[in-house]
Amino acid sequence: MKRLRFVTCDVFTDRPFGGNPLAVFPGVSGLDTATMQAIAREFNFSETTFVEAATTPGCTCKVRIFTPRNELKFAGHPTLGTAHVLAHSVPPTASPGGHLDLVFEEGVGPVPVRVTLDAGRPVFAELTAAKLPEAGPTPPAAATLARVLSLETSDLLGGAFTPGSFSAGIPFLYVPLKSRAALERARIDKLAWEQALSKYVAPDCFVFTFGDGGPLPQRAGSGPIEIRARMFAPAEGIEEDPATGSAAAALAGYLAPHDDARATTLRWTVHQGVEMGRPSLLQVQAERGPNGLASVKVGGASVIMTEGEFLLP
């Protein structure tokens, strides 16, 4: 009988029972992919991570990320939650500068993460996306997407904000809506999704609205723009995800062309998981360079929830 230590945490929240749950196995070796997948299926969280020794120079460790169905090259809440768990076990004297810098070896490449500490304890973690957002192919027509989301075509924001796909390692389909009421009504019609999106490059739907609804508001100085969002991922076996850091990273690619052209630093605060009873808060920051986005960062808090041993036959 092999005993594997695990820790669970809630990510993108500063209080228990919010955010997105994550299971972390902080130190594993010799586990094959099939066993990791079986353990992730047993936990049945949206993701489970396994921390191994790094194989890439300059990386702190290797992090493998699994949904209940498959392995991912990159995901935001598993990256930040894993960083929080690892920082939680580091003696305060090991990080006298008030932060801990880690670099995770992931399928998408090295992912830098900075963990902010208070009295030696982690309170916030921020990742820098290894890949800048890239636009994908044109999605199905708005009327088709409305059917997939159990909405009317008139519920979609439209105008300059037509649906589009972007990826910062994992592709997502972004569908802006006109109102908070439409966001709350959204549900995946599985038959319509199967017909329209199951074979599309970005089958996971990230639907959102600005503030309480309406067009993109004017940016007030350097402050963030508020966004309310939901994410449906039938392809991953996830009916709805309470917080999706990889989608928040790619969202910067969708939003930046619509934002204030004079601003070099763009910030958005994404509220997700509210309709699920697991409110999450994701902080997104993008820096513009001469040729478009130069960097994208996603951050949030996490809370340790449980520690235990997994008994592996």
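Not measured: the values here are computed from a predicted model.

> Can you help me understand helix 1 (residues 33–43) in this one?
Structurally, the α-helix is built with 3.6 residues per turn, so residues lying three or four positions apart point the same way. Taken residue by residue, helix 1 has Thr 35, Met 36, Gln 37, Ile 39, Ala 40 and Phe 43 as its buried positions. Next to the buried residues of helix 1 lie strand 1 (2–11), strand 2 (20–25), strand 3 (48–52), strand 4 (61–66), strand 5 (71–72) and strand 18 (302–312). Phi turns positive one or two residues past the end of helix 1, at Asn 44, with a value near 60 degrees.

> Help me understand unusual backbone geometry in this model?
Trans is the common state for peptide bonds, and a negative phi is the common state for residues other than glycine. A positive phi angle is found at Phe 17, which is not glycine, with a value near 70 degrees. Along the chain, the position of Phe 17 falls in the loop between strand 1 and strand 2. Exposure remark for Phe 17: the relative accessible area of 62% places this residue in the exposed category. Phi is positive for Ala 119, close to 55 degrees, though the residue is something other than glycine. Along the polypeptide, Ala 119 turns up in the loop between strand 7 (109–118) and strand 8 (121–128). By relative accessible area, Ala 119 is classed as exposed at 75%.

> How should empty space enclosed by the protein be read in this particular structure?
The rolling of a water-molecule-sized probe over the atoms marks out the regions of remaining empty space. According to the stated counting rule, one finds one cavity of 30 Å³ or more in the structure shown. Reported here for the largest cavity is a volume of approximately 140 Å³. Lining the largest cavity are 20 residues; nearest its centre among them are Glu 47, Leu 72, Phe 172, Thr 244 and Ser 246. At three residues, helix 2 (residues 76–88) tops the list of elements feeding residues into the lining of the largest cavity. Tallied by class, residues from the lining of the largest cavity come to nine nonpolar, seven polar and four charged.

> Can you help me understand the pairing of strand 7 in this one?
Each regular strand displays side chains that alternate between the two surfaces of the sheet. Inspection of the sheet shows strand 6 (residues 99–106) paired to strand 7 by eight bridges, in the antiparallel sense. Residue pairing in the sheet places Glu 105 in a bridge with Pro 110 of strand 7. Two elements, strand 7 and strand 8, share six bridges in a ladder whose sense is antiparallel. Directly across from Val 115, in strand 8, lies its bridge partner Ala 125. Linking strand 7 back to strand 8 in an antiparallel pair, the connection comprises two residues, with Ala 119 at a positive phi of about 55 degrees.

> Is there a simple way to explain the pairing of strand 3 in this structure?
Strand 3 sits mainly inside the fold: five of its five residues count as buried. Alternating residues of strand 3 divide into Thr 48, Phe 50 and Glu 52 and Thr 49 and Val 51, and every residue in both groups is buried. Relative to strand 3, strand 2 is paired through three bridges, and the arrangement is parallel. In the strand pairing of strand 3, Phe 25 is matched with Phe 50. After leaving strand 2, the chain enters helix 1 and then returns to the sheet as strand 3, a path that is right-handed. Summarising the sheet, strand 3 and strand 4 pair through five bridges and their orientation is antiparallel.

About the criteria used
- Starting from 1, residues in each chain are numbered consecutively following that chain's sequence as written.
- Under the rules for a predicted model, residues below a pLDDT of 70 receive no local features and side-chain atom pairs below 80 are neither given nor counted, while totals for whole chains, interfaces and linings still include all residues.
- Heavy atoms from the whole structure form the basis of all side-chain values; hydrogens and water molecules are not counted.
- Only protein chains enter the accessibility calculation, which uses a 1.4 Å probe; a residue whose area is less than 20% of its type maximum is buried, one above 50% is exposed, and one in between is partly exposed.
- By the criteria applied, helices consist of DSSP H or I runs no shorter than four residues and strands consist of E runs no shorter than two, each listed in order from the N terminus.
- Contacts between residues were defined by any pair of non-hydrogen atoms, one from each residue, lying within 4.5 Å.
- Both site types are read off a 1 Å grid over the protein atoms alone. A 1.4 Å probe that fits but cannot get out defines a cavity, while an open set with protein on both sides within 12 Å along at least five of seven lines defines a pocket; lining residues have an atom within 4 Å of a point.
- Grid points are joined across faces, edges and corners, and a volume is the space filled by probe spheres set on the points.
- Under the scheme applied, nonpolar residues are Ala, Val, Leu, Ile, Met, Phe, Trp, Tyr, Cys and Pro; charged residues are Asp, Glu, Lys and Arg; polar residues are all the others, including Gly.
- When DSSP finds at least two bridges between two strands, those strands are taken to pair.
- A crossover counts as right-handed when, viewed with the strands pointing away from the observer, the path leading from the first strand over the helix to the second turns clockwise.

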